[in-house]
Amino acid sequence: MSEIKKFFTKLKWEKLVTAIVAIVLGILFVAKPDDAGSVVCKVAGVAMLVLSAALLIRYFSSARLFPENLIFSAVLLLLGIFFIAKSGVVLTVIGLFFGIFLVIDGASKLRDGFDAFKAKSQGWWIWFLLALLTIVLGILVMFGESVMLLLGISLIIDGVSDVVTTLWLSAGVRKVKKEIENDVKDFGDMDEVK
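Because the structure is predicted, anything quoted here is derived from the model rather than measured.

Scoring rules and cut-offs
- Residues numbered from 1 in each chain as written.
- Predicted model: local features only at pLDDT ≥ 70, side-chain atom pairs only at ≥ 80, totals over all residues.
- Heavy atoms only, no water.
- Axes fitted to C-alpha atoms, helices over the stretch in contact; angles between N-to-C directions.
- Helix = DSSP H or I, 4+ residues; strand = E, 2+ residues; numbered from the N terminus.
- Parallel < 35°, antiparallel > 145°, perpendicular 65-115°, else oblique.
- Left-handed = near helix turned anticlockwise from the far one by under 90°.
- Nonpolar A, V, L, I, M, F, W, Y, C, P; charged D, E, K, R; others polar.
- Expected span 1.5 Å × (residues − 1).
- Buried < 20%, exposed > 50% of the residue type's maximum accessible area, 1.4 Å probe, protein only.
- Arc of directions from axis to C-beta.
- Contact = heavy atoms within 4.5 Å.
- Salt bridge = Lys/Arg side-chain N within 4 Å of Asp/Glu carboxyl O.

1. Thoughts on the packing of helix 4 (residues 87–118) against helix 5 (residues 124–143)
Taken N-terminus to C-terminus, the directions of helix 4 and helix 5 make an angle of 165°; their axes are 7 Å apart at the nearest point. Viewed along their axes, helix 4 and helix 5 adopt a mutual orientation that is roughly antiparallel. You can see that helix 4 and helix 5 cross each other, and the crossing is left-handed. Along the lines of polarity and charge, the residues of the contact of helix 4 with helix 5 split into 20 nonpolar, six polar and three charged.

What follows is the structure, encoded as structure tokens:
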């Protein structure tokens, strides 16, 4: 039982940390959308160039035993140069993929909201509202002009949505656990009466 508890506790904290990181990045993207996009592309490009060099060194230092390192190095070199030189194109592609991710994430939250509605849970409508907002923002990110600004807003809303969902589920789990413990205690009291 404690392994299950550890797993869910770890899962909860990972979700919360990821959500907080998304909120912080979202705030940065909203505050400086033009600079943020350029910086993200350039940092990613430089990281790819460094990784490309490391793979190339590994290829030659391993007596050329791993030819895939040479191939990966060449691909990363080209991608790194592309990210640095054509950041506008990269941002468009990132916006498209992130928009698709948001639409899928929103659809998943919509399903969770429907499940909460069927379970007659309080606050189910918040899930629906956040899910619909996430889907709309995903569509705007895919087809909008200011990708980084919309991306920032989307990250903030998705992060807040994840925090609300995680805390709501955590509270529900605690409530059920307490009810089970009370039922077990009541059942134990019944055994003593006999």
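2. Section: helix 3 (residues 67–85)
Taking 1.5 Å per residue, 19 residues should reach 27 Å; helix 3 reaches 28 Å between its end C-alpha atoms and fits that length. What helix 3 keeps buried is the set Asn69, Ser73, Leu76, Gly80 and Phe83. Projected down its long axis, helix 3 shows its buried positions confined to an angular sector of 100°, all on one face. Residues of helix 3 that are exposed and point more than 90 degrees away from the buried face comprise Ile71, Leu78 and Ala85. On its buried face, helix 3 is in contact with helix 2 (33–61) and helix 4.

3. Some details on the pattern of salt bridges
If you walk through the whole model with that rule in mind, you get six salt bridges. With its nearest N and O atoms 2.5 Å apart, the salt bridge here joins Lys109 to Asp158. Here the residue Lys109 occupies a position in helix 4, and Asp158 occupies one in helix 6 (residues 147–193), the gap between them amounting to 49 residues. Lys109 gets classed as buried once you look at its relative accessible area, which sits at 5%. On the basis of relative accessibility, which here comes to 7%, the residue Asp158 falls in the buried class. Where Asp112 meets Arg111, a salt bridge forms, and the shortest distance between an N and an O atom there is 3.2 Å. What you see here is one network of salt bridges that share partners, running through Lys15, Asp105, Lys109, Asp158 and Asp162.

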